[in-house]
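Structural overview
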Amino acid sequence: MSKGPDSVEALPPLKQVISEFGLAAKKSLGQNFLLDLNLTRRIARAGGRLDGCHIMEIGPGPGGLTRALLLEGAGYVTAIERDRRAIPALEQIAAAAGGRLTIVEGDALKVDQAALANGAMPVRIVANLPYNVATPLLTRWVTPQAWPSWWQSLTLMFQREVGERIVARPGGKNYGRLSVLCGWRCTAKILFDVPPGAFTPPPKVTSSIVRLEPRADAARVAPEALEAITAAAFGQRRKMLRSSLKSVLPEPEAALRELGIEPDLRAEALPVADFIRIAQLYSGQS
């Protein structure tokens with residue numbers, strides 16, 4: 001039997017695989033499985049060009065999206081999965097994938113993902129992220145010291161609320177720390193929503209597919225400085241900046257006036273560029 005898309009397509013249905021390997025979704029791991037291959041293939045296509053690319057997937061579970069990525073022509077897929085129960089199901093896919101799938105058992109927050117990207121192919125990250133690690137992973141991907149990063153694009157599923165925070169602009173209730181960190185280094189767009197009923201088990205919220213692409217012209221500022229400033233500013237978002245930034249700037253009102261920023265503004269009103277300027281000043285003082 002050939003080892004290619006036809007072999008992947010001939011694999012048993014995911015419901016059968018879940019039953020065979022005892023893969024009931026665990027709430028403690030933030031698992032919600034996608035079983036509709038038409039939907040997973042749509043998500044795979046949203047990842048952009050896949051042929052000639054190394055696709056990194058986080059939390060594949062029984063492998064619905066993994067199959068779709070291979071069927072849509074991914075040059076190579078690395079699937080990082082911490083749930084040991086899912087490994088045999090993923091190995092079944094690997095056996096049909098003709099050497100195009102590597103499975104890494106481990107916690108994505110601890111695995112050195114950049115080291116897995118060997119540089120032979122451009123890397124795209126495409127994943128139905130487990131809800132409980134989605135924000136920490138995204139923050140890590142957009143705040144490395146070196147930029148441009150080792151990945152070319154991120155196509156990720158989040159709870160709709162998180163997706164709205166990622167793409168939010170200043171002045172709205174969704175605008176926050178995540179908006180600034182992502183807006184600093186990426187362009188971000190919500191591509192489409194996925195209803196709860198598409199999952200097994202169905203979550204209580206709608207999900208969204210968000211695509212992020214790195215900005216080549218991202219301003220130079222220490223990531224830890226911007227993280228410190230945004231954490232302080234949005235940690236007390238109802239307070240004016242002259243008060244909320246006291247924990248990170250010795251004289252915040254004077255510093256803000258020096259930068260031409262009104263100290264009485266609240267964090268949600270401040271554009272990304274101004275957060276960067278404050279972080280640059282903070283870096284010079286610390």
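Residues numbered from 1 in each chain as written. Predicted model: local features only at pLDDT ≥ 70, side-chain atom pairs only at ≥ 80, totals over all residues. Heavy atoms only, no water.

1. Some remarks on the pairing of strand β4 (residues 101–105)
Definition in use: DSSP bridges decide pairing: two strands pair if at least two such bridges lie between them. Think of it this way: any DSSP run of H or I at least four residues long counts as a helix, any run of E at least two long counts as a strand, and we number them from the N terminus. The crossover handedness rule: strands pointing away from the viewer, path from first strand over the helix to second strand clockwise, crossover right-handed.
Sheet topology note: the strand β3 (residues 76–81)/β4 ladder contains 5 bridges and is parallel. Among the inter-strand pairings, I80 is bridged to a residue of β4, identified as V104. One crossover worth recording links β3 to the parallel β4 by way of helix α5 (residues 87–96), and it is right-handed.

2. Quick word on empty space enclosed by the protein
For clarity, the cut-off: Here the term cavity refers to a set of points on a 1 Å grid, laid over the protein atoms alone, in which a 1.4 Å probe fits but cannot get out; the term pocket refers to an open set having protein on both sides within 12 Å along at least five of seven lines, with lining residues being those that place an atom within 4 Å of a point. Grid points are joined across faces, edges and corners, and a volume is the space filled by probe spheres set on the points. Gly is put with the polar residues, along with every residue not named as nonpolar or charged; the nonpolar set is Ala, Val, Leu, Ile, Met, Phe, Trp, Tyr, Cys and Pro, and the charged set is Asp, Glu, Lys and Arg.
Within the structure shown, the criterion is met by 1 cavity of 30 Å³ or more. Taken together, 31 residues form the lining of the largest cavity, with I58, G59, P60, N128 and P130 sitting closest to its centre. If you list the elements that add at least two residues to the lining of the largest cavity, you get β1 (33–34), β2 (54–58), α4 (64–71) and β3. Its residues assigned to classes, the lining of the largest cavity comprises 17 nonpolar, 10 polar and 4 charged.

3. Describing the packing of helix α7 (residues 134–142) against helix α9 (residues 177–185)
We count it as follows: What counts as an axis is a line fitted to C-alpha atoms, over the stretch in contact for a helix, and the angles between N-to-C directions run from 0 to 180 degrees. Handedness of each helix crossing follows the sense of rotation of the near helix against the far helix: counterclockwise by less than a right angle gives left-handed, clockwise gives right-handed. We call two residues in contact when some of their heavy atoms are within 4.5 Å.
Taken N-terminus to C-terminus, the directions of α7 and α9 make an angle of 35 degrees; their axes are 9 Å apart at the nearest point. Considering only the axes of α7 and α9, their crossing is left-handed. Across the interface between the two elements, T135, L138, T139 and V142 from α7 touch L178, L181, C182, W184 and R185 from α9. Along the lines of polarity and charge, the residues of the contact of α7 with α9 split into 6 nonpolar, 2 polar and 1 charged.

4. A short note on the packing of aromatic side chains
The criterion, for reference: Between rings of Phe, Tyr and Trp, where Trp is taken as its six-membered ring, a pair exists when centres lie within 6.5 Å; planes separated by under 30 degrees are stacked, by over 60 edge-to-face, and by other angles tilted. To sort residues, take the accessible area from a 1.4 Å probe on protein chains only and compare it with the maximum for the residue type: under 20% means buried, over 50% means exposed, and anything in between is partly exposed. Charge-over-ring placement is defined geometrically: NZ (Lys) or CZ (Arg) within 6 Å of the ring centre, and within 35 degrees of the ring normal.
Summed over all chains, the structure comprises 3 aromatic pairs. Taking 5.9 Å as the distance between ring centres and 75 degrees as the angle between the ring planes, the aromatic pair formed by Y175 and F234 counts as edge-to-face. Residue Y175 is located in the loop between α8 (160–167) and α9, and its partner F234 is located in helix α10 (residues 223–235); the two are separated by 59 residues in the primary sequence. The class for Y175 is buried, based on a relative accessible area of 1%. For F234, a relative accessible area of 11% puts it in the buried group. Members of the aromatic cluster, each reached through a chain of ring pairs, are Y175, F234 and F275. It is R42 that lies over the ring of F192; its NZ or CZ is 3.7 Å from the centre.

5. Some words on the nonpolar core
For clarity, the threshold we go by: Put simply, buried Ala, Val, Leu, Ile, Met, Phe, Trp, Tyr and Cys residues joined by side-chain atoms within 4.5 Å make one nonpolar core.
In this structure, L138, L156, L245 and F275 are the most contacted members of the largest nonpolar core, which totals 60 residues. It is helix α13 (residues 272–285) that contributes the most residues to this core, 7 residues altogether. Setting aside anything within four residues of it in sequence, one finds L245 in contact with I229, A232, A233, P252, L256 and I278. One finds V8, I55, L69 and F199 within the second-largest nonpolar core, a separate group that totals 31 residues.

6. Quick look at the pattern of salt bridges
Quick note on the threshold: Any Lys or Arg side-chain nitrogen found within 4 Å of a carboxyl oxygen on Asp or Glu counts as a salt bridge.
For the coordinates displayed, the defined rule picks out 14 salt bridges. One salt bridge connects D264 with R242, and the closest N-O pair in it is separated by 2.5 Å. One end of the pair, D264, is in the loop between α12 (252–258) and α13; the other, R242, is in helix α11 (residues 241–244), with 22 residues separating them in the sequence. D264 sits in the partly exposed class, given a relative accessible area of 35%. The exposure class of R242 is partly exposed, given its relative accessible area of 30%. Among the charged side chains, a salt-bridge network with shared partners connects E9, R41, R45 and E72.

These figures come from the coordinates and say nothing about function on their own.
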